[in-house]
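# Observations on the model geometry
So you can see what is in the structure, the chains are spelled out below.
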Amino acid sequence: MYFLPGNRIELLTNGKEYFPALIAAIDAAAVEVHLETYIFEDDSAGRQVVDALIRAAQRKVSVRVMVDGFGARNFMPSFGERLTAAGVEVLVYRPEVARFRLRRHRLRRMHRKLASIDARIAFVGGINIIDDMNTPGHTPPRHDYAVRIEGPLLAKVHASMSWLWSLVSWVTFRQHVQPQRLCAPVTNVRGNVTAAFLIRDNLRHRYDIENAYLAAINAAQREVLIASAYFLPGRRFRQALMAAAARGVRVTLLLQGRVEYTLLHYATQALYDTLLAAGIRIYEYRRGFLHAKVAVIDGDWATVGSSNIDPFSLLLAREANVVIRNALFAGELHDNLQQIMDTGASEICDDCWNNQPLFQRLANRLAYSLVRLMIELLGYGDEH
């Protein structure tokens, strides 16, 4: 992991802060706009971003958009024709062609949420192109984070996006496509934040994000605070958290309290007994829809990105996180997490949890066993 000093990094909470910043950057673009997202919904937020992309293309800015074929499976019917007619280049990562077949490669999705504007400003985080209030079956708003970046880290973000565009172009059109470098990344010093850009793929970077978490947890001396919408860590991760708690580190997990994916939700709860017994505090956010994928450790290490702590993110999907070494940034993120815990989360009481009905315990164990079986069948049993 290569940390680069000299960055300016701004924390953006929810779409109400993210979308105005993203659209303002797109509207100021002079050369290129490059956007990647897992979900690109046809709602108020999606339409505003599309309008901004078209305005940029009409100014002769080179605009590229990549969406995931599963997460944004309705993107092409909704926006594709309008964007391509305006001159926007669009790529779909692994289009869905056999929706009901369970094959290993179908679960390898492009889960990253990245943007690069003129290779001068980058956005990294967990926020999809979807309205915070668009939470069918859940109480809005959706709660999530992203960061706006200027400085030396732009080179890493820009290179990663250009490489993936070239790769997907080659796969899609069965020909080698050289990435068009319209402008060099602007990497001069813009602030005093030291940060690293990490990706997860199925080649050289399979464990980079997980290993960054493990290194920070294993080195923790005071506090580990993790917020994850989907939490089903492997053995190494669980053991690291429990070892930290055993040596006196305050370990707190902020997890989704509302049921979105039933099997994963109850499989996660099957871990509560062991984690609570180890002294780990667990909070479930129930005020709205938690989509956060962030952490703060010892008040000077923080990460914001797209990677959950579950098999999908850690073993299958393409992900992108920023790891930040800066006390002011970590303190801001910690305060924000503490505020939503105070106002919208409930702590899981050890005694109360141990007294839950037998049928609930059995349901949790069954859900966990089914998820484990699916992982084994997909060939990832030794990795999780």
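These notes cover the structure that comes with them.

## Overview of unusual backbone geometry
- In this structure, the amide linkage connecting Pro-140 to the following residue, Pro-141, adopts the cis form with an omega of 0°.
- By secondary structure assignment, the location of Pro-141 is in the loop between strand 6 (121–125) and strand 7 (142–143).
- A positive phi angle, near 50°, is found at Ala-119, a position not held by glycine.

## Details of helix 7 (residues 262–269)
- Of all the positions in helix 7, only Leu-264, His-265, Ala-267, Thr-268 and Gln-269 are classed as buried.
- Residues of helix 7 that are buried make contact with strand 11 (250–256), helix 8 (272–277), strand 12 (281–285), helix 11 (350–354) and helix 12 (358–377).

## Things to note about the packing of helix 1 (residues 14–27) against helix 2 (residues 44–58)
- Packing of helix 1 against helix 2 brings their axes to within 9 Å, and their N-to-C directions diverge by 15°. By the criterion of interaxial angle, the relationship of helix 1 to helix 2 is roughly parallel. Of the two possible hands of crossing, helix 1 and helix 2 adopt the one that is left-handed. Listed contacts from helix 2 to Phe-19, Leu-22, Ile-23, Ile-26 and Asp-27 of helix 1 are Ala-45, Gln-48, Val-49, Ala-52, Leu-53, Arg-55 and Ala-56.
- Residues that form the contact of helix 1 with helix 2 fall into these classes: nine nonpolar, one polar and two charged.

## As for the side chain of Ser-116
- Position of Ser-116 among the secondary structure elements: in strand 5 (residues 114–117).
- Among all residues touching Ser-116, those that are not within four sequence positions of it are Glu-32, Val-33, His-34, Ile-121, Ala-122, His-158 and Met-161.

## Concerning the pairing of strand 11
- Summarising burial for strand 11: six of the seven residues are buried, a large majority.
- When strand 10 (residues 223–228) meets strand 11, the two strands line up parallel, connected through six bridges. Across the sheet, residue Ser-228 finds its bridge partner in strand 11, namely Leu-255.
- Read as a crossover between parallel neighbours, the route from strand 10 over helix 6 (residues 235–246) to strand 11 is right-handed.
- In this sheet, strand 12 lies alongside strand 11 in parallel orientation, the contact comprising five bridges. In the sheet register, Leu-254 faces strand 12, and the bridge partner there is Tyr-283.

## Thoughts on the nonpolar core
- Among the nonpolar cores identified, the biggest contains 45 residues, and Ile-217, Val-224, Ile-226, Leu-241 and Leu-253 are the most heavily contacted of them.
- Secondary structure elements with two or more residues in this core: helix 5 (208–219), strand 10, helix 6, strand 11, helix 7, helix 8, strand 14 (293–297) and helix 12.
- The biggest single contributor to this core is helix 5, with six residues.
- With near-sequence residues (within four places) excluded, Ile-217 lies in contact with Val-224, Ile-226, Phe-237, Ala-240, Leu-241, Ala-244, Arg-247 and Ile-297.

Calculation notes
Every chain is numbered independently, its residues counted from 1 as its sequence is written. Two thresholds apply to this predicted model, a pLDDT of at least 70 for residue-level local features and 80 or more for giving and counting side-chain atom pairs, whereas whole-chain, interface and lining totals are computed over all residues. With hydrogens and water excluded, all non-hydrogen atoms of the structure serve as input to the side-chain values. Put simply, DSSP marks the helices as runs of H or I at least four residues long and the strands as runs of E at least two long, and each gets a number from the N terminus on. Relative accessibility decides the category of a residue: with a 1.4 Å probe and only protein chains considered, values under 20% of the type maximum give buried, values over 50% give exposed, and everything between is partly exposed. Only heavy atoms matter for contacts: two residues are in contact if any of them lie within 4.5 Å across the pair. Comment: axis = line fitted to C-alpha atoms, over the contacting stretch for helices; angle = value between 0 and 180 degrees taken between N-to-C directions. Note that the term roughly parallel is reserved for angles under 35 degrees, roughly antiparallel for angles over 145, roughly perpendicular for angles of 65 to 115, and oblique for everything else. Put simply, a crossing is left-handed when the front helix is turned counterclockwise from the back one by less than a right angle, and right-handed when it is turned clockwise. Polar here means any residue outside two lists: the nonpolar Ala, Val, Leu, Ile, Met, Phe, Trp, Tyr, Cys and Pro, and the charged Asp, Glu, Lys and Arg; Gly therefore counts as polar. A pair of strands is considered paired only if DSSP assigns at least 2 bridges between the two. The crossover handedness rule: strands pointing away from the viewer, path from first strand over the helix to second strand clockwise, crossover right-handed. For our purposes a nonpolar core is just a set of buried Ala, Val, Leu, Ile, Met, Phe, Trp, Tyr and Cys residues, chained together by side-chain atoms within 4.5 Å.

In short, shape yes, function no, at least from these values alone.
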